[in-house]
Amino acid sequence: MPLVQRSVFASCGQEAFFEGHVHALRTLGGVPRSKIRYDNLKSAVAQVLGLNRARVETDRWIAFRSHFNIESFYCRPGIEGAHEKGGVEGMIGYFRRNHFTPLPEVDSLAELNERVDQWDLHDGHRRIGSRPRTVNEYFAVEQPLLMPLPEEPFETGRLFTPRVDRYSQIAVRTNRYSVPTRLIGKRVRVVLHASHLVVYDRNVEVARHERLIAKGSCRLDLDHYLEALIRKPGAFPGATALEQARSAGKFTPVHDAWWAQARKVHGERDGTRALIEVLLLNRHLAHEHVVAGLATALRVGALTADAVALEARKAAQTEDEPTIAASAPGLTGETPATVTSLHEWRLAHLPPDTRPLPSVTPYDQLLRRRRTSGSDHHEKLCHISFPQVTAV
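Our subject in this report is the structure included herewith. (Residues numbered from 1 in each chain as written. Predicted model: local features only at pLDDT ≥ 70, side-chain atom pairs only at ≥ 80, totals over all residues. Heavy atoms only, no water.)

## Some thoughts on the overall build of the protein chain
Of the regular secondary structure elements, the protein chain holds 13 helices and 11 strands. The 392 residues of the protein chain split such that 32% are buried. When contacts within the protein chain are restricted to residue pairs at least 6 apart in sequence, those whose partners lie at least 24 apart make up 58%. Carbon and sulfur atoms form 56% of the exposed surface of the protein chain, whose accessible area is close to 25700 Å². (Helix = DSSP H or I, 4+ residues; strand = E, 2+ residues; numbered from the N terminus. Buried < 20%, exposed > 50% of the residue type's maximum accessible area, 1.4 Å probe, protein only. Contact = heavy atoms within 4.5 Å. Areas by Shrake-Rupley, 256 points an atom, 1.4 Å probe, with all protein chains shown as cover.)

## A short note on the packing of aromatic side chains
Pairs of aromatic rings are described using the distance from one ring centre to the other and the angle between the two planes. As enumerated under the stated definition, the model contains 17 aromatic pairs in all. For the ring pair Phe-100 and Trp-119, a centre distance of 5.7 Å and an interplane angle of 75 degrees mean the geometry is edge-to-face. Of this pair, Phe-100 sits in the loop between α3 (86–99) and α4 (109–123) while Trp-119 sits in helix α4, and the two are 19 residues apart along the sequence. When its relative accessible area of 19% is taken as the criterion, Trp-119 is described as buried. Their ring planes at 55 degrees and their centres at 6.4 Å tell us that Phe-236 and Phe-251 sit as a pair that is tilted. Here Phe-236, found in the loop between α6 (226–231) and α7 (240–248), pairs with Phe-251, found in the loop between α7 and α8 (253–266); they are 15 residues apart in sequence, far enough to count as distant. The buried category is assigned to Phe-251, whose relative accessible area is 4%. Members of the aromatic cluster, joined through ring pairs, are Phe-17, Phe-18, Tyr-38, Trp-61, Phe-64, Phe-68, Tyr-74 and Phe-154. For the cation-ring pair, Arg-126 lies above Tyr-94, with the distance from its terminal atom to the ring centre recorded as 3.8 Å. (Phe/Tyr/Trp six-rings, centres within 6.5 Å; stacked < 30°, edge-to-face > 60°. Lys NZ or Arg CZ within 6 Å of the ring centre and 35° of its normal.)

## Focus: unusual backbone geometry
A cis amide bond links Thr-101 with the next residue in sequence, Pro-102, at an omega value of -5 degrees. Mapped onto the secondary structure, Pro-102 falls in the loop between α3 and α4. For Asn-69, which is not glycine, the phi dihedral falls at a positive 60 degrees. Within the element layout of this structure, Asn-69 appears in the loop between α2 (59–68) and β4 (72–74). Phi is positive for Ser-168, which is not a glycine, with a value near 60 degrees. Note on placement: Ser-168 falls in the loop between β5 (158–160) and β6 (169–172).

## A few points about the packing of helix α10 (residues 287–300) against helix α11 (residues 305–320)
Two elements in contact, α10 and α11, have axes whose closest approach is 7 Å; the angle formed by their N-to-C orientations is 120 degrees. Considered as vectors, α10 and α11 are oriented oblique to each other. Helix-helix and strand crossings are classified by hand; for α10 and α11 the assignment is right-handed. Facing α10, whose interface residues are His-289, Val-290, Ala-292, Gly-293, Leu-294, Thr-296 and Ala-297, α11 presents Val-308, Glu-311, Ala-312, Ala-315, Ala-316 and Glu-319. Here the contact of α10 with α11 is composed, by residue class, of 8 nonpolar, 3 polar and 2 charged. (Axes fitted to C-alpha atoms, helices over the stretch in contact; angles between N-to-C directions. Parallel < 35°, antiparallel > 145°, perpendicular 65-115°, else oblique. Left-handed = near helix turned anticlockwise from the far one by under 90°. Nonpolar A, V, L, I, M, F, W, Y, C, P; charged D, E, K, R; others polar.)

## Topic: the sheet that holds strand β8 (residues 189–192)
Across the sheet, which stays open at both edges, the 4 strands sit in the order β5-β8-β9-β10 with antiparallel pairing between neighbours. Sheet topology places β5 and β10 (204–210) at the edges, where each strand pairs with a single neighbour. Averaged over all pairs of adjacent strands, the angle between their axes in this sheet comes to 20 degrees, without regard to strand direction. Two elements, β5 and β8, share 3 bridges in a ladder whose sense is antiparallel. Opposite Arg-158, over in β8, you have Leu-192 as the bridge partner. (Pairing = 2+ DSSP bridges.)

## What about the nonpolar core?
Counting 31 residues, the largest nonpolar core has Leu-222, Phe-236, Phe-251, Trp-258 and Val-278 as its most contacted members. Within the residue set of this core, elements represented by two or more residues are α6, α7, α8, α9 (268–280), α10 and α11. Apart from residues lying up to four places away in sequence, Phe-251 is in contact with Leu-222, Phe-236, Leu-242, Ala-245, Arg-246, Asp-256, Trp-259, Leu-275 and Leu-279. (Core = buried A, V, L, I, M, F, W, Y, C linked by side-chain atoms within 4.5 Å.)

## Let's talk about the environment of Leu-121
One can find Leu-121 in helix α4. In this structure, the C-alpha to C-alpha distance between Leu-121 and Asn-136, residues 15 residues apart in sequence, is 8.9 Å.

## Section: the pairing of β10
Taken together, the 6 bridges between strand β9 (residues 196–201) and β10 define a ladder with antiparallel strand orientation. Note on β10: the bridge partner recorded for Tyr-200 is Glu-205. Where β9 hands over to β10, the hairpin turn is made up of 2 residues, of which Arg-202 adopts a positive phi near 55 degrees.

## Re the environment of His-99
Mapped onto the elements, His-99 comes out in helix α3. We classify His-99 as buried; its relative accessible area is 13%. Remark: the alpha-carbon pair of His-99 and Arg-115, spanning 16 residues in sequence, is separated by 9.4 Å. Excluding residues within four positions of it along the chain, His-99 makes contact with Pro-104, Trp-119 and Asp-123. Of note is the side chain of His-99, whose polar atom sits 3.3 Å from the side chain of Asp-123. (Polar contact = N/O pair within 3.5 Å; in protein donor to acceptor, adjacent residues only side chain to side chain.)

From the geometry alone we can't say anything about function, so treat these as descriptive.
This is the structure:
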């Protein structure tokens, strides 16, 4: 009795069909030698030929099952083939009633799939009906009979090569996704997976988005537009990418508070530019460290990107180094936040200068020579005799 593996995806496309196979085969540790039963789903079957078992399979499915050496067996369509997969339908019903009723509350599909894996492991210890062994015990007998997995991976994603439009967006299926503005007008390579997509420019990853499911949707990354917005800061407050960043929690209330204070001190234009410079720090520093640097800088009124960068790096160092403040005796309460200027920080971290102090003695010698040569020249001019001219 084989162990059943399940995965949850946001889409029902061929990419999810393939990724579910890969997850199951890796968990099982091999490929079944006997035939695997399939319904007549469109991800695998392009056409059902009559009432027999003959099928016209899709090209990518032929490539996938050939890679894993899977032998497929297709059930009859409709009610006639219902009894051919009754065991699978029964297992799905059992799992739904015991684990998805009521519906679990999770923050992401990744968290849900982690729970599903735990439920699968738990179900491996149960007995089905009156059978004397558990599911895991039956699987331990069958596992050595599995064929080994291929060494080379199979690309389960679907490939697209769209062109970046003037809004720095690409169209994939019925949805649009943003890419860096430097790619406007160029063709990029997109690999669409079941839950996300990756954008490449000459084999270099330039963008990664969560896959959109609803048709006609648009997903924009604020970081992709920062180079354009820093030249036109007036477009920043009304940018759609900014609203999506707020909804996703990437642009926090701390960002808004620091931005408001920066606009009061530096003005609308320069204050917004300072905020954009802060947002550019996310390319080199973790998001939570930048937020911590913003909070510290806001408390002491430091409204420059350099101050936020310094405090963000200090927050990262504090997280890496073990803290002893909580266990040290006599330390109670919070220490006041302090901000060190970037110039002072750089000077404090420079190595000691062991070079001798400069001397101007050689220049004094040049000056003395110049004065001496100047006086000699004056004496020579004084000894020059001019011929006497007599008027006729």
